[in-house]
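Architecture at a glance
Below are the chains, spelled out letter by letter.
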Amino acid sequence: MGYPHKPHPRETVLLSRYFGEADARTYKGWVKRGGYAALEQARAMEPARVIDIVKESGLRGRGGAGFPTGLKWSFMPKEKKKPHYLCVNADESEPGTFKDREIMRWTPHALLEGTAIAAHAIQAEVAYIYIRGEFTEPLAIMEKALADARSAGVFGDLKIHLHRGAGAYICGEETALMNSIEGKRGNPRIKPPFPAASGVFGMPTTINNVETLAAVPPILTKGAAWYKGLSLSSPKSTGTKLFSVCGHVQQPGNYEVTLGFPLKDLLYELCGGMRPGRTLKACIPGGSSVPILDRAETESCLLDYEGVVERGSMLGSGGVIVFDDSADMVYQIMRLARFYAHESCAQCTQCREGTAWTTKILERILAGQGKPADLDLLLDLSENMTGKTICVLSDSCAAPVVSGIKKFRSEFEDYLTGRRKPVMVA
Amino acid sequence: MSADAHTSQPAGTEEYQPVFTEQMLEQLQEILARYPTKQAALLPALWLVQRARGWISDRNMAEVAEVLGLTPAYVKGVVTFYTMYHQHPVGKHFVQVCTTSPCNICGAEAVVQALLAATGAKELGATSPDGKWTVIEVECLGACGFATPILVDDDFIESVTPDSVPEIVRKYK
């Protein structure tokens, strides 16, 4: 997909409609396209009514967990005794995912409008948009858009601030992000208390992903029923979703489809399929933290929250990583384990030690020095890394290892038996 | 060894030039107004220091601590947590190359080699003899569909290949 975005006929462009149009980035250009009308509409309503509309729409969090957005908003105290905060998670760092970046680069006002509507719904007077430190261009564009919209007076009393991260994947975890805003190391917090009770600065807080908030303005202008109608399979998965496709496909990029769309069609039709002479081997459908699918599972998978679970993985953030038959799955799983070892905040022993030893054992296997018991050792380690820590970073490291050994065991065995030459030096 | 040993302002021999004076102090005041606590201005304050000085020395950390009412040890704890803050001087141009799995399968390792060759930086993390370049490998830059992305200072460059590296390096010379 190049820019300006020429959508494939099978795409449903709601969020990506103006990708590539520089004019849509400007305040005037956004207003010309109907922007900020939804905010005005929301402001005329009681906050509870806005929450109800978003509940009715079926919108679920697009950051990874898929939690119903309206329900999350409704957890905020009804009676306001303390300041309320909204945090916007723009710390997009999940390998395979690059959708929030495009929303901020091309339609910054869509995010700002969604942010202001959410702030109204949860009665927050301050919103922080936490942008990962490496996103220099999205940050500059957001700064400009925020300054323009602010001087046009569209936010009323609401204060929106941008907060730049400084290189830490873990700050995408909601409570780590709040610690990072507070000027602390990005260590996730033990829950409960949940953010709605005690979030950033100890105050009631709601945190939403960029793509989730960008979807809110059209829900208000076109109605909850219309949004709910956008669903190709499970009624529990509504609306459109941006899928970031990368790796071994002919045309990687962001594609927006209605939930329930077949993964096979996304890869072979919209993304142009594999490179000439190559066949699909594996696919990670929801960012690197979810289990790997083999070819058969990939080609029969429907892209919604329920469909991907049925195939043994998760929709996650919608970051689709594609591996063709040239990929060395052992090496790639080691690269992913190395990512998690690098990004572990090191609070929990299972994670700090588990991610590091998983990487070391995989490196040893790739160096031709693996031991026959290493696969069982990796599975045992993974077992102890799952469901036992403050956040899910450790589980995320285990997911590709466990699913990789299950589905591509012979590739591991080839290194262990010497059928395959070492590709690393011990 | 103190990190100051690497800089042009060795500890104890030259008078420390504070970062937060006049205009910088004004910028800091603006930042402080965004948060209910002084501590919350720490990450933005560290960004200001790094922009002004190129890296963050122990002396800089002590200054930030004083300005924000924190301890130097606390500030160091935060600086060392976040990978983008430099605790040592780096080359005039700082290059970050993504080599996480999606970029790896699209040839990121060849881009790393091409960058080391074109810049004269002999190994990852080392600065080239002319002081102009430091190249490091980083985990996911969040542009996986445009492999291989690199950051040269604050410039985000997509779809870099070994062939496009020499031209990129020439532009920054």
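It should be emphasised that the depicted structure is a prediction, and the values quoted were computed from it without experimental measurement. (Residues numbered from 1 in each chain as written. Chains lettered and ligands numbered in written order. Predicted model: local features only at pLDDT ≥ 70, side-chain atom pairs only at ≥ 80, totals over all residues.)

Some points on the overall build of chain B
The helix and strand inventory of chain B stands at seven helices and four strands. From first element to last, N terminus to C terminus, chain B shows the α and β order α-α-α-α-β-α-α-β-β-β-α. Oriented by its inertia axes, the alpha-carbon framework of chain B measures out at about 50 × 40 × 25 Å. Counting across all 173 residues of chain B, residues that qualify as buried make up 40%. Considering only intrachain contacts with a sequence separation of at least 6, the fraction spanning at least 24 residues in chain B is 57%. (Helix = DSSP H or I, 4+ residues; strand = E, 2+ residues; numbered from the N terminus. Buried ≥ 20, exposed ≤ 12 C-beta atoms within 10 Å, placed from the backbone. Contact = placed C-beta atoms within 7 Å.)

Remarks on the domain arrangement of chain B
A common way to state how big an interface is: give the accessible area lost once the parts meet. Structurally, chain B comprises domain 1 (3-81) and domain 2 (93-171). Between the C-alpha centres of domain 1 of chain B and domain 2 of chain B there is a distance of 29 Å. (Domains from an automatic or database assignment.)

Let's talk about the domain arrangement of chain A
All names here are of chain A. Parsing chain A into structural domains produces domain 1 (22-225), domain 2 (230-324) and domain 3 (329-417). Distance between the C-alpha centres of domain 2 and domain 3: 24 Å. On the side of domain 3, ten residues touch domain 2, which itself brings eight residues to the contact. When its residues are assigned to classes, the side of domain 2 that touches domain 3 shows five nonpolar, two polar and one charged. (Nonpolar A, V, L, I, M, F, W, Y, C, P; charged D, E, K, R; others polar.)

Comments concerning the sheet that holds strand β6 (residues 253-258) of chain A
All names here are of chain A. Pairing within the open sheet is mixed, and its five strands lie in the order β6-β5-β11-β8-β9. Whereas interior strands pair on both sides, the edge strands pair on one side only; in this sheet they are β6 and β9 (293-294). Where strand β5 (residues 240-247) lies against β6, six bridges are found, and the strand directions are antiparallel. Pairing of F243 across the sheet is with Y255, part of β6. Sheet contacts for helix α12 (residues 263-270): β5, β6 and β11 (319-324); angle to β6, the most-contacted strand, approximately 135°. (Pairing = 2+ DSSP bridges. Axes fitted to C-alpha atoms, helices over the stretch in contact; angles between N-to-C directions.)

Regarding the sheet that holds strand β1 (residues 85-90) of chain A
Residues and elements named next belong to chain A. Here we have four strands laid out as an open sheet, ordered β3-β2-β1-β4, and parallel in their pairing. The open sheet is flanked by β3 (159-164) and β4 (205-209), the only strands paired with a single partner. When strand polarity is set aside, the average angle formed by the axes of neighbouring strands in this sheet is 20°. Across six bridges, strand β2 (residues 126-131) lies against β3 in parallel orientation. Note on β3: the bridge partner recorded for I131 is R164. Across the sheet, helix α6 (residues 108-122) lies against β1, β2, β3 and β4, angled at about 150° from β1, the strand it touches most. Packing of helix α7 (residues 136-151) onto the sheet brings it into contact with β2 and β3, and relative to β3 it is tilted by some 165°.

So, helix α6 (residues 108-119) of chain B
All names here are of chain B. In this model, α6 (twelve residues) spans 16 Å end to end at C-alpha, consistent with the 16 Å of a helix rising 1.5 Å per residue. Looking only at α6, the buried set comprises A108, V111, V112, A114, L115, L116 and T119. G120 occupies a position one or two residues after α6 and carries a positive phi of about 80°. (Expected span 1.5 Å × (residues − 1).)

Considerations on the environment of A:N209
All names here are of chain A. Mapped onto the secondary structure, N209 falls in strand β4. With 207 residues separating them in the primary sequence, N209 and L416 have C-alpha atoms 42 Å apart. In contact with N209, other than residues within four places in its own chain, are G61, R62, G63, N89 and D100.

Some points on the interface of chain A and chain B
Contact with chain A, which involves 45 residues of that partner, is made by 34 residues of chain B. Mapped onto the side of chain A that touches chain B, the elements with two or more residues apiece are α7, β3, α8 (174-181), β5, β6, β11 and α15 (329-343) of chain A. Among the elements that take part in the side of chain A that touches chain B, α15(A) stands out by supplying six residues, more than any other. When the residues that make up the side of chain A that touches chain B are grouped by side-chain class, the tally is 16 nonpolar, 18 polar and eleven charged.

As for unusual backbone geometry
Note: most residues except glycine have negative phi, and most peptide bonds are trans. Residue A:P192 follows A:K191 across a cis peptide bond; omega there is -5°. At the junction of A:P192 and A:P193, the peptide bond is cis and its omega measures out at 5° in the coordinates. Along the chain, the position of A:P193 falls in the loop between α8 and β4. Positive phi is not limited to glycine here, since A:Y36 has a value of about 70°. Tracing the chain through its elements places A:Y36 in the loop between α1 (27-32) and α2 (37-43). For B:D153, which is not glycine, the phi dihedral falls at a positive 55°. Tracing the backbone through its elements, the reader meets B:D153 in the loop between β3 (150-152) and β4 (155-157).

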